[in-house]
Amino acid sequence: MKLFPQVFAAWLAASLFLLGFDARAEMKVAVVDVQRAVMQTEDGLRAQASLKKIFDSKQQELNKKQNELQKQREDLEKQQKVLSKEAFQKRVEDWQKAMVELQSVFVEYNKDLEKRQKEFTDPIVEKIMAIVKRIASTEGFDIVVDKQAVAYMRADLDLTDRAIQAYNSGGGGAAAKAPAAPAPKK
């Protein structure tokens, strides 16, 4: 009598598979490259330009501090034979502290850039997703998958360019304005 549950389970699995196969054959699927869509909208391009200004400013600050530390290190190497062991050790410790501080500043700058990127792009992502949903509803797509998750697809199933055009023509509602880049902190 133990055979009946196994046969029934196999029959049920086969039936569900065949029913699922029929449903998939009728399903309309499209793809969208959300990241490209966000970055190629007019607002996305403005956001990228603002972020680049912020990044370049912070990178210049980091480079300046790094160059100063490099000069201090070279000076330390030159003075190693002239200074007493204690004085040299003290200067090495001070230099190491400054290097750790620079690394901390670098980490904070990266966190700040990530935060600002999210602030700039999240509203654009929301509008792109609303546009994609509207296109999918209008054209009867059952599923829209992010292009990065797809190994292959027909080019006519890609909604990315249409979403970008709809966004830029005001189809995403009021266009998101990229926040103005504040003056760099010193």
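Rules and cut-offs
Residues numbered from 1 in each chain as written. Predicted model: local features only at pLDDT ≥ 70, side-chain atom pairs only at ≥ 80, totals over all residues. Heavy atoms only, no water. UniProt positions renumbered as here; feature names shortened; annotations may be inferred. Helix = DSSP H or I, 4+ residues; strand = E, 2+ residues; numbered from the N terminus. Buried < 20%, exposed > 50% of the residue type's maximum accessible area, 1.4 Å probe, protein only. Contact = heavy atoms within 4.5 Å. Areas by Shrake-Rupley, 256 points an atom, 1.4 Å probe, with all protein chains shown as cover. pLDDT = per-residue confidence, 0-100. Expected span 1.5 Å × (residues − 1). Bend = angle between axes of the 7 residues up to and from the residue. Phe/Tyr/Trp six-rings, centres within 6.5 Å; stacked < 30°, edge-to-face > 60°. Lys NZ or Arg CZ within 6 Å of the ring centre and 35° of its normal. Salt bridge = Lys/Arg side-chain N within 4 Å of Asp/Glu carboxyl O. Axes fitted to C-alpha atoms, helices over the stretch in contact; angles between N-to-C directions. Parallel < 35°, antiparallel > 145°, perpendicular 65-115°, else oblique.

- Going by the annotation in an unreviewed UniProt entry, the name recorded for the protein is OmpH family outer membrane protein, with Pendulispora brunnea given as the source organism.
- For the record of the protein, the UniProt heading Sequence similarities (unreviewed entry) holds the text "Belongs to the Skp family."

So, the overall build of the protein
And step 1. Regarding its fold elements, the protein presents five helices and two strands.
And step 2. Order of helices (α) and strands (β) in the protein, N terminus to C terminus: α-β-α-α-α-β-α.
And step 3. Out of the 186 residues belonging to the protein, those deemed buried represent 25%.
And step 4. Here the analysis covers contacts within the protein between residues at least 6 apart in sequence; of these, 84% occur between residues at least 24 apart.
And step 5. Only carbon and sulfur atoms are counted for the fraction: they give 58% of the accessible area of the protein, which is about 13400 Å².

A closer look at the confidence of the model for the protein
And step 1. Looking at the protein, the pLDDT average stands at 83 and 78% of residues meet or exceed 70.
And step 2. Per-residue pLDDT stays below 50 along residues 173–186; that stretch engages in 21 contacts with residues further than four places along the chain or on separate chains.

Some thoughts on helix H4 (residues 85–139)
And step 1. In this model, H4 (55 residues) spans 78 Å end to end at C-alpha, consistent with the 81 Å of a helix rising 1.5 Å per residue.
And step 2. At Thr 121, H4 is deflected by roughly 35 degrees, the largest bend along its length, and proline Pro 123 occurs up to four residues later in sequence.
And step 3. Looking one or two residues past H4, Gly 140 carries a phi angle of roughly 75 degrees, positive in sign.

Some remarks on the packing of aromatic side chains
And step 1. Summed over all chains, the structure comprises zero aromatic pairs.
And step 2. Residue placement shows Lys 28 over the ring face of Phe 141; its charged tip is 4.7 Å from the ring centre.

Some points on the pattern of salt bridges
Pairing is possible between side chains of opposite charge, provided their charged atoms come close.
And step 1. Evaluation of the coordinates by the stated rule reveals 12 salt bridges.
And step 2. Of the charged contacts in the structure, one is a salt bridge between Arg 36 and Asp 161, with a shortest N-O distance of 3.1 Å. A residue pair is termed long-range when its members are at least 10 positions apart, and Arg 36 in helix H2 (residues 34–40) and Asp 161 in helix H5 (residues 160–171) qualify at 125 residues.
And step 3. Residue classification places Asp 161 among the partly exposed positions, given a relative accessible area of 44%.
And step 4. Residue Lys 111 pairs with Glu 108 through a salt bridge whose shortest N-O separation is 3.9 Å. With a gap of three residues between them, Lys 111 and Glu 108 both fall in helix H4, about one helical turn apart.
And step 5. Each of Lys 58, Asp 112 and Arg 116 takes part in one network of salt bridges that share partners.

Observations regarding the environment of Ile 164
And step 1. Within the secondary structure, Ile 164 sits in helix H5.
And step 2. Exposure remark for Ile 164: the relative accessible area of 8% places this residue in the buried category.
And step 3. Contact partners of Ile 164, with chain neighbours within four places excluded, come to Arg 36, Ala 37, Gln 40 and Thr 41.

Focus on the packing of helix H3 (residues 42–79) against H4
And step 1. Close contact between H3 and H4 brings their axes to 11 Å; oriented N to C, the two are set at 175 degrees. The pairing of H3 with H4 is recorded here as roughly antiparallel in orientation.

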